[in-house]
Amino acid sequence: MPVESLFARLEPLLSQVQKPIQYVGGELNSTVKDWDSCDVRWALMYPDAYEVGVPNQGVMILYEVLNEAARTLAERTYTVWPDLESLMREHQVPAFTVDAHRPVGAFDVLGVSFATELGYTNMLQTLQLAGIPRRSADRDTSHPVVIAGGHSAFNPEPVAEFIDAAVLGDGEQAVLEISDVIRRWKADGGPQQADGRADLLLRLARTGGVYVPSLYDVSYLPDGRIQRVAPNRPGVPWRVTKHTVMNLDEWPYPKKPLVPLAESVHERMSVEIFRGCTRGCRFCQAGMITRPVRERSITGVGEMVEKGLQATGFEEVGLLSLSSADHSEIAPMTKGLADRYEGTQTSLSLPSTRVDAFNIDLANELTRGGRRSGLTFAPEGGSERIRRVINKMVTEEDLIRTVTAAYSAGWRQVKLYFMCGLPTETDEDVLQIADLAKRVIATGREVTGSRDIRCTVSIGGFVPKPHTPFQWVAQLGHRETDARLAKLRDALRSDKAFAKAIGFRYHDGKPGIVEGLLSRGDRRVGKVIEGVYEAGGRFDGWSEHFSFDRWMAAADVALADEPVDVDWYTVRDRDHTEVLPWDHLDSGLDRDWLWEDWQDALSGEEVEDCRWTPCFDCGVCPQMGTEIQVGPTGKTLIPLTVLGDGRDEVLAGSADPAYR
Amino acid sequence: MARTPEGPPPPPTVQRLRVHYAKRGRLRFSSHRDFQRAFERALRRAAVPMAYSAGFSPHPKVSYAGAAPTGVASEAEYLEIGLAQRCDPGRLRAALDRSLPPDLDVLEVVEVIPGPENTKVAPFADRLEASVWEITLAGVEAGVAQRAVDLFLAAERAEVSRMTKNGLRTFDARAAVVALSAGPRAAGNSEGPCAILRLVVRHVTPAVRPDDVLAGLRQIGDLAPPSAPAVVRLAQGPLDEPAGTVSDPLAPDRDAVGG
């Protein structure tokens with residue numbers, strides 16, 4: 001049955017909203033496939049504003065992978081701002097995709113990518129605008145299957161009733177496997193069966209790689225802790241495993257990155273140079289759940305940069321990963337790319353660099369002939385003691401050596417990122433940040449002989465995350481966080497010799513408590529999310545839309561009859577035996593290893609990186625059948641005439657291509 | 001001491017080209033900044049040998065003139081680019097058009113022939129004296145629109161207010177209007193009544209835009225269209241005031257090339 005475009009109904013509303021371009025689609029490299037020649041159709045959603053969602057690599061990769069597949073199509077949708085939301089309600093325009101403006105409710109799958117838990121209320125908005133029943137239990141075969149992905153899917157329990165399924169880990173192969181299951185189900189007449197939807201969910205669950213919350217029952221102890229999580233159907237696995245793509249060179253996506261007309265948060269092209277991280281920072285969920293490290297080869301990166309720039313016209317390339325300077329061939333890679341693009345007004349950036357992996361040659365290649373405005377490092381903890389606890393092995397001497405080199409080479413500004421509220425932290429640990437910042441300034445003044453030196457300290461509250469060694473720890477309360485940050489601010493401002501040279505940026509503790517509630521919450525938290533949404537909660541990641549009081553009021557109501565409350569979920573220590581809401585979701589990490597690593601943290605013992613030392617048995621590789629993939633390959637980037645292709649075509653005096 | 005970029009300064013401009021383009025369909029919702037980003041990326045994809053400004057963040061030499069507001073379509077947008085290598089205007093037009101998304105269309109590229117040395121040439125933007133706008137009012141009878149137009153034209157002034165970056169501004173929307181007429185939609189369309197306004201407005205400061213004239217028609221002529229008006233700029237260029245017409249701003253360049 002043909003599905004009609006909603007654009008004609010949407011168009012009259014667009015002249016009444018802010019930044020209408022974000023709703024019209026038509027981006028360079030976007031794809032619209034014929035509806036009727038496909039039998040599996042995905043609506044991919046990034047549950048935040050277009051400007052945040054459109055550069056998201058995960059959505060862009062899956063969009064391209066799915067659209068390349070035969071008889072499969074994918075379109076994108078983002079959260080609409082309140083101005084358009086109210087007009088859509090008034091004029092009864094349902095949720096739409098930006099590509100062909102087809103109704104979200106007409107697709108087979110609504111895939112939602114949760115980079116953060118703060119997008120949950122936005123998903124409820126889209127479900128409602130799309131006419132999809134809020135609860136999985138109330139949907140039938142006419143509704144899309146709602147599948148959550150992204151890092152938050154490693155504990156989807158707070159949204160368990162609202163989603164039909166969750167997929168853990170890398171999506172490239174998983175989305176194709178799910179498409180095949182849906183295709184077979186359709187071929188078997190599934191959509192026409194009375195229990196068709198239950199049948200499809202069961203088929204997905206039995207693959208072992210798709211978590212279907214409704215097929216698991218959760219029971220609780222009288223004190224509120226979880227007693228057991230168990231499958232309620234035969235053939236449904238006790239644990240659901242994450243997906244891991246091996247050999248990134250075989251998955252060079254996105255090949256043609258989207259180029260939006262609207263301004264977005266990342267005005268550059270990104271190339272993922274490796275996936276995973278084994279540095280072992282204990283607070284870092286991304287590093288824990290994306291193991292092992294899989295590098296893209298230097299030649300693979302070179303090819304993606306070349307093709308991507310030709311397809312997009314971007315002026316900046318970000319070499320993306322969790323710790324980009326750790327790539328085994330980062331030096332020849334940056335030098336080779338800087339050589340290739342010299343004189344083409346193309347700049348390179350490494351979004352995440354560690355203090356200890358940074359070196360000045362690398363930084364020079366990145367800024368060849370360009371501006372040296374600022375460098376950013378993340379020591380995360382203020383004292384060496386706390387850095388041992390979190391296993392971020394950066395000494396103060398490392399940091400001072402690095403900033404000395406940077407200031408000597410022409411940089412004038414250093415940004416330092418920290419967290420507040422780390423396990424075992426005291427005021428003293430945080431106050432040492434002030435000493436460190438002053439030493440950075442003093443060093444900069446000394447080596448440059450200039451007073452024009454700046455350092456910005458940026459700090460936010462630490463939120464313990466599932467599948468990390470800190471998953472058991474009590475979060476610091478928001479009042480305590482704010483008090484500690486106030487002491488740091490006073491320490492930074494009290495010394496007149498440095499106060500003007502040091503900038504201070506911080507996030508207050510309240511949003512972190514809500515993030516903590518959602519990160520480590522269980523199914524009972526779903527009612528809190530629902531209450532917040534009903535009370536108007538949207539865009540919780542935006543400070544101007546976020547309301548702590550709305551969350552607390554909703555929690556008071558939703559948890560009134562439960563033996564638990566917000567404090568129970570956030571500022572409470574868990575012990576080794578407690579069943580955690582995500583224990584049945586397998587990130588590959590051995591639970592006992594995580595606990596030992598937590599105990600090591602308490603005694604300040606550090607863990608090395610398994611890329612350079614023997615395996616320390618985190619469990620991922622044997623459990624998942626994966627292995628570390630690192631170079632060096634020994635290959636180099638040969639010089640190429642890049643970005644000049646096609647120039648002959650426009651130059652005066654050259655032969656007209658039509659007559660060649 | 002301020003750092004300067006290493007290496008030689010960027011190559012000089014050897015050729016200037018004027019570009020006539022259109023903003024159509026759903027891409028009329030792009031803002032001028034959106035268009036700028038899209039255009040500069042298209043220049044890179046098409047490998048146009050742009051001349052760049054000097055300094056740490058060199059910018060390609062592009063000057064934009066009189067862009068249509070967000071949400072308004074246009075058949076008559078203009079900009080000028082400076083090149084570091086000479087290009088063939090016709091082939092550059094085709095390459096640029098291919099590199100832009102559909103609905104952002106490059107219609108013509110004309111070379112700027114420099115005048116004799118030491119002569120001062122008026123900037124291109126000065127040629128854009130007025131615009132011709134077409135406003136489609138679905139659900140409005142042509143006769144009703146005509147009565148509102150007559151009242152508007154008979155008025156001395158039409159005070160309207162618009163929210164600008166600097167707050168609410170009130171100004172006269174009447175004096176800048178050179179010509180305004182109403183007619184029915186072309187025959188063959190049977191979807192109810194529809195009036196078409198043809199509007200010629202002189203470019204003044206503060207700018208009088210089609211929505212300002214519509215506000216004036218509402219105030220003075222009680223004209224209240226039931227749905228959002230569709231606006232398109234048909235032309236902009238030198239104004240022939242007595243005739244109420246606007247001519248092609250690229251004609252002098254085309255003549256210079258031909259001569």
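Only a predicted model underlies this, so the values are computations on that prediction, with no experimental measurement involved.

**Student:** I'd love a proper account of the overall build of chain B, names of residues and values included.
**Tutor:** Within chain B one finds five helices and 12 strands. The buried share among the 259 residues of chain B stands at 38%. Sequence-distant contacts in chain B: of pairs separated by 6 or more residues, those separated by 24 or more amount to 75%.

**Student:** Residues and numbers for the overall build of chain A, please.
**Tutor:** When helices and strands are counted, chain A shows 23 helices and 18 strands. Its C-alpha radius of gyration of 25 Å places chain A within 12% of the 26 Å reference for a compact globule of 660 residues. C-alpha extents for chain A along the principal axes are approximately 85 × 75 × 55 Å. Intrachain contacts of chain A at a sequence separation of at least 6 include 78% that bridge at least 24 residues.

**Student:** So what about helix H4 (residues 210-221) of chain B? Which residues, and what values?
**Tutor:** All names here are of chain B. Taking 1.5 Å of rise per residue, the 12 residues of H4 would be expected to cover 16 Å, and the 15 Å separating its terminal C-alpha atoms lies within 8% of that figure. Among the residues making up H4, those that are buried are Pro210, Asp212, Val213, Leu214, Gly216, Leu217, Ile220 and Gly221. Looking at the residues trailing H4, positive phi occurs at Asp222, about 60°.

**Student:** Lay out the interface of chain A and chain B with the relevant residues and their values.
**Tutor:** Opposite the 31 residues of chain A that make contact, chain B presents 38 residues. Sort the elements by how many residues they give to the side of chain A that touches chain B and helix H23 (residues 647-650) of chain A lands first, with three residues. Residue classes in the side of chain A that touches chain B are distributed as 14 nonpolar, 11 polar and six charged.

**Student:** I'd love a proper account of the sheet that holds strand E9 (residues 269-272) of chain A, names of residues and values included.
**Tutor:** All names here are of chain A. Here we have three strands laid out as an open sheet, ordered E9-E12-E13, and parallel in their pairing. Each having just a single partner strand, E9 and strand E13 (347-349) make up the two edges of the open sheet. Pairs of neighbouring strands in the sheet enclose a mean axial angle of 25°, with direction left out of account. Packing of helix H9 (residues 298-312) onto the sheet brings it into contact with E9 and strand E12 (316-320), and relative to E9 it is tilted by some 160°.

**Student:** Give a detailed account of the domain arrangement of chain A, specifying residues and quantitative values.
**Tutor:** Residues and elements named next belong to chain A. Structurally, chain A comprises domain 1 (7-235) and domain 2 (268-371 + 588-660). Centre-to-centre, using C-alpha coordinates, domain 1 lies 30 Å away from domain 2. Along the lines of polarity and charge, the residues of the side of domain 1 that touches domain 2 split into two nonpolar, three polar and no charged.

**Student:** Could you give an account of the sheet that holds strand E16 (residues 454-461) of chain A, with specific residues and numbers?
**Tutor:** Residue and element names in this part refer to chain A. Spatially, E14-E15-E16-E17 is the arrangement adopted by the four strands of the open sheet, whose pairing is parallel. The open sheet has two free edges, formed respectively by strand E14 (374-380) and strand E17 (502-506), since each of these has just one partner strand. Strand-to-strand twist across the sheet, computed as the mean angle between neighbouring axes with direction ignored, equals 20°. Of the pairings in the sheet, the one linking E16 to E17 comprises five bridges and is parallel in character. Bridging across to E17, Ser458 finds its partner in Arg505.

**Student:** Can you explain the environment of B:Asp212? Please cite residues and give values.
**Tutor:** Residues and elements named next belong to chain B. Positionally, Asp212 belongs in helix H4. Sequence spacing of Asp212 and Phe171 is 41 residues, and the spatial spacing of their C-alpha atoms is 9.3 Å. Not counting residues within four places of it along the chain, the set of residues in contact with Asp212 comprises Val160, Arg162 and Ala173.

**Student:** Could you give an account of the pairing of strand E9 (residues 194-202) of chain B, with specific residues and numbers?
**Tutor:** All names here are of chain B. Judged from the nine bridges that link them, strand E5 (residues 130-138) and E9 form a sheet pairing that is antiparallel. Bridging from a neighbouring strand, Trp133 pairs with Leu199 of E9. Bridge analysis of strand E8 (residues 177-184) against E9 gives seven bridges, and the strand direction is antiparallel. Across the sheet, residue Gly183 finds its bridge partner in E9, namely Ile196.

**Student:** Before we move on, could you go through the domain arrangement of chain B and cite the residues and values that matter?
**Tutor:** Residue and element names in this part refer to chain B. In terms of domain boundaries, chain B breaks down into domain 1 (15-120) and domain 2 (130-237). Centre-to-centre separation of domain 1 and domain 2, based on C-alpha positions: 29 Å. Taken together, the residues of the side of domain 1 that touches domain 2 break down into five nonpolar, two polar and one charged.

**Student:** Tell me about the nonpolar core, and please be specific about residues and values.
**Tutor:** General note: in soluble globular proteins, nonpolar side chains tend to be found buried as a group. Grouped together as the largest cluster of nonpolar side chains are 204 residues, with contacts concentrated most on A:Ala165 and A:Ala437. For this core, the leading source of residues is helix H3 (residues 57-68) of chain A, giving seven residues. B:Trp133, B:Ala176, B:Ala182 and B:Val231 belong to the second largest nonpolar core, which has 36 residues in total.

**Student:** Run through the packing of helix H13 (residues 396-408) of chain A against helix H14 (residues 427-448) of chain A, naming residues and quoting values.
**Tutor:** All names here are of chain A. Relative orientation of the contacting elements H13 and H14 amounts to 35°, with a least axis distance of 9 Å. The interaxial crossing formed by H13 with H14 has right-handed handedness. Residues Glu396, Ile400, Val403, Thr404, Tyr407 and Ser408 of H13 form the contact with H14, whose own contacting residues are Leu436, Arg439, Val440, Thr443, Gly444, Val447 and Thr448. Of the residues in the contact of H13 with H14, the class split is six nonpolar, five polar and two charged.

**Student:** Can you tell me about helix H3 (residues 142-154) of chain B, naming the residues and giving the values?
**Tutor:** Across its 13 residues, H3(B) extends 18 Å between first and last C-alpha, which sits within 8% of the 18 Å expected from 1.5 Å per residue. Looking at the buried residues of H3(B), the elements they touch are E5, E8, E9 and H4 of chain B.

**Student:** How would you explain the packing of H14(A) against helix H15 (residues 478-494) of chain A if you had to name every residue and give the values?
**Tutor:** All names here are of chain A. Close contact between H14 and H15 brings their axes to 9 Å; oriented N to C, the two are set at 30°. Regarding the angle of H14 to H15, the classification is roughly parallel. Of the two possible hands of crossing, H14 and H15 adopt the one that is right-handed. Two secondary-structure elements touch here, H14 through Asp427, Val430, Leu431, Ile433, Ala434 and Ala437 and H15 through Arg484, Lys487, Leu488, Ala491 and Leu492. Broken down by class, the residue content of the contact of H14 with H15 amounts to eight nonpolar, no polar and three charged.

**Student:** A description of the environment of A:Ile273 should follow, citing residues and the corresponding values.
**Tutor:** Residues and elements named next belong to chain A. Relative to the helices and strands, Ile273 resides in the loop between E9 and strand E10 (274-275). Put simply, Ile273 and Pro351 are 78 residues apart on the chain and 11 Å apart in space, counted from C-alpha to C-alpha. When neighbours within four sequence positions are excluded, Ile273 is seen to be in contact with Arg296, Val301, Leu319, Leu320, Ser321, Ser324 and His327.

**Student:** Describe the confidence of the model for chain B, with residues and values.
**Tutor:** Predicted confidence across chain B gives a mean pLDDT of 91, with 95% of residues reaching 70 or more. Scored by ipTM, the complex comes to 0.88, with pTM at 0.93.

**Student:** Requested: an account of unusual backbone geometry, with residues and values cited.
**Tutor:** All names here are of chain A. Omega for the bond connecting Tyr253 with Pro254 falls within 30 degrees of zero, at -5°, which places this linkage in the cis form. Looking at the secondary structure, you find Pro254 in the loop between strand E8 (240-241) and E9. A cis geometry characterises the amide bond from Gly631 onward to Pro632, with omega recorded as 5°. Along the chain, Pro632 turns up in the loop between helix H22 (620-624) and H23. The backbone of Lys19 shows a phi angle near 45°, a positive value even though the residue is not glycine.

**Student:** Please set out the pairing of strand E4 (residues 145-149) of chain A residue by residue, giving values where relevant.
**Tutor:** Residues and elements named next belong to chain A. Counting buried positions over the five residues of E4 gives five, a clear majority of the element. Here E4 shows no split at all, with Val145, Ile147 and Gly149 on one side and Val146 and Ala148 on the other all buried. By the bridge criterion, five bridges tie strand E3 (residues 109-113) to E4 in an arrangement that is parallel. Within E4, the residue paired with Ser113 across the bridge is Gly149.

**Student:** Could you give an account of the environment of A:Gln432, naming the residues involved and the relevant values?
**Tutor:** Residues and elements named next belong to chain A. Summarising the element assignment, Gln432 is placed in helix H14. Separated by 49 residues in sequence, Gln432 and Ser383 have C-alpha atoms that sit 5.8 Å apart. Setting aside its immediate chain neighbours within four residues, Gln432 contacts Gly382 and Ser383.

Rules behind the numbers
Residue numbers run consecutively from 1 along every chain, following the written order of its sequence. Each chain is given a letter, starting from A, and each ligand a number, starting from 1, according to the order in which they appear as written. Side-chain atom pairs in this predicted model are given and counted only at pLDDT of 80 or more, local residue features only at pLDDT of at least 70, and totals for whole chains, interfaces and linings cover all residues. The helix and strand labels rest on DSSP assignments: H or I over at least four residues marks a helix, E over at least two residues marks a strand, and numbering proceeds from the N terminus. Counting other C-beta atoms within 10 Å of a residue's C-beta gives its exposure: the residue is buried at 20 or more, exposed at 12 or fewer, and partly exposed in between, where C-beta atoms are placed from the backbone. Two residues qualify as being in contact provided that their C-beta atoms, derived from the backbone, are within 7 Å of each other. What the globule rule says is 2.2 Å times the number of residues to the power 0.38, and the radius of gyration is computed from C-alpha atoms. A helix is expected to span 1.5 Å for every residue after the first. Basically, the charged four are Asp, Glu, Lys and Arg, the nonpolar ten are Ala, Val, Leu, Ile, Met, Phe, Trp, Tyr, Cys and Pro, and anything else, Gly included, counts as polar. In this description, strands pair whenever DSSP reports at least two bridges between them. To define axes, lines are fitted to C-alpha atoms, for helices over the stretch in contact only, and angles between the resulting N-to-C directions are given on a 0 to 180 degree scale. Each domain's extent was defined by an automatic or database domain assignment. Defined on buried residues, the nonpolar core groups Ala, Val, Leu, Ile, Met, Phe, Trp, Tyr and Cys residues joined through C-beta atoms within 7 Å. Crossing handedness is read from the near helix: turned anticlockwise from the far helix by less than a right angle, it gives a left-handed crossing, and turned clockwise, a right-handed one. Every angle not falling under 35 degrees, over 145, or within 65 to 115 is termed oblique; those three ranges are roughly parallel, roughly antiparallel and roughly perpendicular. The quantity known as pLDDT measures the predictor's confidence residue by residue, on a range of 0 to 100.

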